[in-house]
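# Descriptive analysis of the structure
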Amino acid sequence: MQDVWVVVPDKGKRRTHAGFSALVRAMHRRGQVAIVRYLSRDAISLCAASPLLGGDGGPDSLVTPLSTSPGSRNSFCTRLLLDPIH
């Protein structure tokens, strides 16, 4: 089973929205992805986020399919487990 992470700018900040939109559109034109690092308390995930152009009033965004099963090879996200700190 896969979940999806979506990265979008804050709705209340127009300048941030314009800059993020320009980045997403440039990545889309060039066929590039972004490497995203997500930190949680028990793991670090490295993901390839693809640009998704907004439509019907939706914002431009970066989308990452996230596999919920460890070791899945068909995911764009790798989860690195951390050892607990004692």
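Just so it is clear, the model here is predicted, and its values are computed rather than measured.

The rules behind these values
Residues numbered from 1 in each chain as written. Predicted model: local features only at pLDDT ≥ 70, side-chain atom pairs only at ≥ 80, totals over all residues. Heavy atoms only, no water. Helix = DSSP H or I, 4+ residues; strand = E, 2+ residues; numbered from the N terminus. Contact = heavy atoms within 4.5 Å. Areas by Shrake-Rupley, 256 points an atom, 1.4 Å probe, with all protein chains shown as cover. Pairing = 2+ DSSP bridges. Salt bridge = Lys/Arg side-chain N within 4 Å of Asp/Glu carboxyl O. Buried < 20%, exposed > 50% of the residue type's maximum accessible area, 1.4 Å probe, protein only. Core = buried A, V, L, I, M, F, W, Y, C linked by side-chain atoms within 4.5 Å. Patch = residues over 30% accessible without salt bridge, like charges linked within 9 Å, V, L, I, M, F, W, Y side chains within 5 Å.

Another aspect to go through is the overall build of the protein. The number of helices and strands found in the protein is 1 helix and 5 strands. Taken from N to C terminus, the helices and strands of the protein fall in the order β-α-β-β-β-β. A fraction of 59% describes how many contacts in the protein between residues 6 or more apart in sequence connect residues 24 or more apart. Carbon together with sulfur atoms contributes 55% to the accessible area of the protein, which is approximately 6800 Å² in total.

Here we take up the pairing of strand β3 (residues 43–52). Sheet analysis places strand β2 (residues 34–39) next to β3, joined by 6 bridges and oriented antiparallel. By the bridge assignment, Ile-35 is partnered in β3 with Ala-48. The hairpin turn running from β2 into β3, its antiparallel successor, is 3 residues long.

Scanning all chains against the criterion turns up 1 salt bridge. Here Arg-25 makes a salt bridge to Asp-60, at a shortest N to O gap of 2.8 Å. Separated by 35 residues along the polypeptide, Arg-25 in helix α1 (residues 14–30) and Asp-60 in the loop between β3 and β4 (61–67) bring together distant segments of the chain. Relative accessible area serves as the criterion here: at 5%, Asp-60 is assigned to the buried category.

What follows concerns the nonpolar core. With 6 residues, the main nonpolar core is built from Phe-20, Val-24, Met-27, Ala-34, Ala-49 and Leu-62. For this core, the element with the highest residue contribution is α1, accounting for 3 residues. Not counting chain neighbours up to four residues away, the residues in contact with Leu-62 comprise Trp-5, Val-6, Val-7, Phe-20, Val-24, Met-27, Ala-34, Ala-49, Ser-50 and Pro-51.

On the surface, Val-4, Val-6 and Val-8 cluster together into a nonpolar patch covering about 250 Å² of accessible area. Looking at the secondary structure, you find Val-8 in the loop between β1 (2–7) and α1. When its relative accessible area of 43% is taken as the criterion, Val-8 is described as partly exposed.

Interpretation in functional terms is not warranted from these geometric data alone.
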